[in-house]
Each structure stands twice: as C-alpha cells, then as structure tokens.
Amino acid sequence: MARKNPFANLMDDKPAEDGRVALDYTIKGASKSILSSINEMASQADKLLAGETVVEIAPSDIDGSFVRDRMADDDQEFEALVEAIRERGQDSPVLLRPHPSAAGRYMVVFGHRRVRAAERLGLKVRAVIKQMDDRAHVIAQGQENSARANLSFIERAVFAERVARLAYDNDNRVVMTALAVDRSTLSKMLSVTAIPGDVLEAIGAAKGIGRDRWYEMKQLLEKPVRLEEARALLSGADMGSLSSDERFNRLMTVLKAADRPVKAKPVRKSRSWAAEDKAVAADISSDGRRFTLALKARDAVDFGDFLSDRLPELYEAFRREKDGR
C-alpha cells in the first residue's frame, strides 16, 4: 500500500508532523559527525516500514521502549503534534515490536509521541509491527531519532550511555551504529553523562545547548561543593518557570561566578608616632602594597622637607641593612 515517507519533511520546508524543528546544535558545539549520515539513517528507518502492513492498535496495548530516549516532552511541540493529528490524522505509522515478556502487548521502537497523541485524542495508533530483538530495537530507535534530528545533544548522550550500559558488545559498536557516530564522538558524548542524573533531569533537554558547553559544566561540577550548589539552585521554586535552556544558562552563570578565585583583601595596618616635644607627629598606615606617612603638628612641613631631602641616603642605609652589609 502507498505510504507517505515519514522522513520526507527533512527535504522540504514544511514543519514535521511532530511539530518539531530540526536542531542546529551541531554548530553550537557538538561534533558535526553526529548528523553526517542523516540520509542513510532516514533510508534505514524507512526500510523498516516500507512495504509493511499498517495496522491499528489501541494505545492501552502499547508500552514504551525499554530504553528511554527523551528527558521530557516540550509541551508546545507536543500540543502542536496533537493538533496536527486531530486535523489530518496520523500520517506516519509508528514502529512496534511484540512485547518480549508480555503476551498480547506491544513495545514502541520509535514513535512514542505519536502513541501519546493518539491516546490523548482517543484514537487507535497506526503502526507497523516487526519482530526484533533488543539489539535491533535500540539500533532502529537510535537511527530514527538521529534521522529526524529531534533530540537535543544531551538526550542523545544520555541515550548513548543507557545503551552502552546494556553491554551488547565490548566496543560500543551497537551504540555507534544506533547514533551514527565514530568512537571519538561517542567518547565525548559519554564523558558528559558523568553529570549526575538528578542534575540532568532538573535541567532538562536544553535543546539549544551543544556538547562544548555541557562539557564545561561537567568540569565545573566535578568539585563536590559546586555539585551541591547546583542541586540547591535547581531545586529553587523560581527555576520551574524557566525553560530548560534558561535553567542551564542560569546554573552555568552561578557556577562560573563561584569558581572564580577570590582575591584576599589586603590587611590594613596603622599606627601613630609623636616626638617627645610634640612638635611633630605622624600617622603611619600600610595595606601590603602602599605605605603612607602623614606628618602633622608645628614642625610637620619642615620635618617633611628634611626627610624628602635625605631619601636617597635613607634608602641606601635601608638597602645595606636589608642586604646584611
């Protein structure tokens, strides 16, 4: 049966069915190699659906993937998707597999948001069902997400870390295949996921933030005191009103300010001196960089001239004494 190419929106200027705009985070810090194989991945994902029978499944019979790939939904984008499906129906089928441990149920490989939108609207989900194992599942899920370019850098990095923890192989080849990245790029992605999960969840997807800035935050949070400061800030009531990008930027500003070395304030010392005959007195002060001698009383000016005229010989005497000569 004829079916609309679910990746056709990558080639034209029309908004995607999901109401999502392809991200440009690669030019904000993430390696350009991350999305270098978009056409190939779109083709791979499309082949999984091409020529297959599309069936309708009740959302209540569908469970999410065993590997989460999103940190949180963008409410605006999700509402746009709901409205798009309300107006013209679900153009692109989702990919399901028979649930590996629950007979009669299905598991989402890709298309979670379309399943949620159909559930909201009280509709059945248009789906292709394919038998596949867990390894093929995560590869298809990762490639479809990469091809659609709708996940932020940190979501892709967290997805990579979750798949890596499943240890399908000893060299992370499954992860690299799923995300179409090389070993160097994957290493950089995984390094960022050293940021504790509760902090990542509190910040959110931060779709406008690329790899370099996430890596900078990871380095700042390596200090335990900074990590506690981050948790305290993110738990504040005012953070809930900010977007994910704004939460990231607010935290980064605070961490950078706190990480700047604090210059010790110079200790100011002062004392007074007066001649026995009270004809001249002095206020003496120093702060470690500057020394001030202020003369006062009847002979202050004359004594000041006397000292000024003899500064060269006084300095020579000082040098001799300091040098031990």
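The shown structure was predicted, so the numbers you read here are calculated from the model rather than taken from an experiment.

Enquirer: Would you mind going over the nonpolar core in detail, with residue names and values included?
Expert: With 39 residues, the main nonpolar core has Ile154, Ile195, Ile203, Trp214, Met217 and Leu221 as its most contacted residues. Taken together, the elements giving at least two residues each to this core come down to α4 (134-148), α5 (153-165), α6 (173-179), α7 (183-192), α8 (197-203), α9 (211-220), α10 (224-234) and α11 (244-259). Here this core gets 7 residues from one element, more than from any other, and that element is α5. The contact partners of Trp214, leaving out residues within four places of it in the chain, are Phe153, Ile154, Val192, Ile195, Leu200, Ile203, Gly204, Ala206, Ile209 and Phe248. One finds Leu96, Val115, Ala118 and Ala127 within the second-largest nonpolar core, a separate group that totals 9 residues.

Enquirer: Would you mind going over the environment of Arg86 in detail, with residue names and values included?
Expert: Assignment of secondary structure puts Arg86 in helix α2 (residues 75-88). At 3.0 Å, the side chain of Arg86 and the side chain of Glu83 are in polar contact.

Enquirer: Run through the packing of aromatic side chains, naming residues and quoting values.
Expert: Here a ring pair, both rings aromatic, is described through the centre-centre distance and the interplanar angle of the planes. Throughout the structure, instances matching the rule amount to 3 aromatic pairs. Between Trp214 and Phe248, the ring centres sit 4.8 Å apart and the planes meet at 65 degrees, which makes this aromatic pair edge-to-face. Taken together, the residues Trp214 in helix α9 and Phe248 in helix α11 connect sequence positions 34 residues apart. Both residues of the pair, Trp214 and Phe248, count as buried. Both rings, one in Tyr315 and one in Phe318, keep their centres 5.8 Å apart while their planes meet at 40 degrees; by these two values the pair is tilted. With Tyr315 and Phe318 both in helix α13 (residues 311-322) and 3 residues apart, this pair spans about one turn of that helix. One residue, Arg116, lies across the ring of Phe78, its end atom 4.0 Å from the ring centre.

Cut-off values and rules
For every chain, the first residue of the written sequence is number 1, and numbering continues from 1 onward in sequence order. Reporting in this predicted model follows two pLDDT cut-offs: at least 70 for local features of residues, and 80 or more for side-chain atom pairs to be given and counted; totals over whole chains, interfaces and linings ignore these cut-offs and use all residues. Side-chain measures were taken over the full set of non-hydrogen atoms in the model, leaving aside hydrogen atoms and water. What is meant by a nonpolar core is a set of buried Ala, Val, Leu, Ile, Met, Phe, Trp, Tyr and Cys residues, joined one to another through side-chain atoms within 4.5 Å. Throughout, exposure labels follow a simple rule: accessible area from a 1.4 Å probe, protein chains only, divided by the maximum for the residue type, with under 20% read as buried, over 50% as exposed, and the rest as partly exposed. By the criteria applied, helices consist of DSSP H or I runs no shorter than four residues and strands consist of E runs no shorter than two, each listed in order from the N terminus. What makes two residues a contact is simply this: any of their non-hydrogen atoms within 4.5 Å. Under the rule applied, a polar contact is a pair of N or O atoms within 3.5 Å (in protein, one hydrogen donor and one hydrogen acceptor; residues adjacent in sequence only if both atoms are side-chain atoms). Only the six-membered ring of Trp is used, alongside the rings of Phe and Tyr, when aromatic pairs are assigned; centres must lie within 6.5 Å, and planes under 30 degrees apart are stacked while those over 60 apart are edge-to-face, with the rest tilted. Remark: a charge is flagged as sitting over a ring if the NZ atom of Lys or the CZ atom of Arg is within 6 Å of the ring centre and within 35 degrees of the ring normal.

That is the geometry; function is a separate question.
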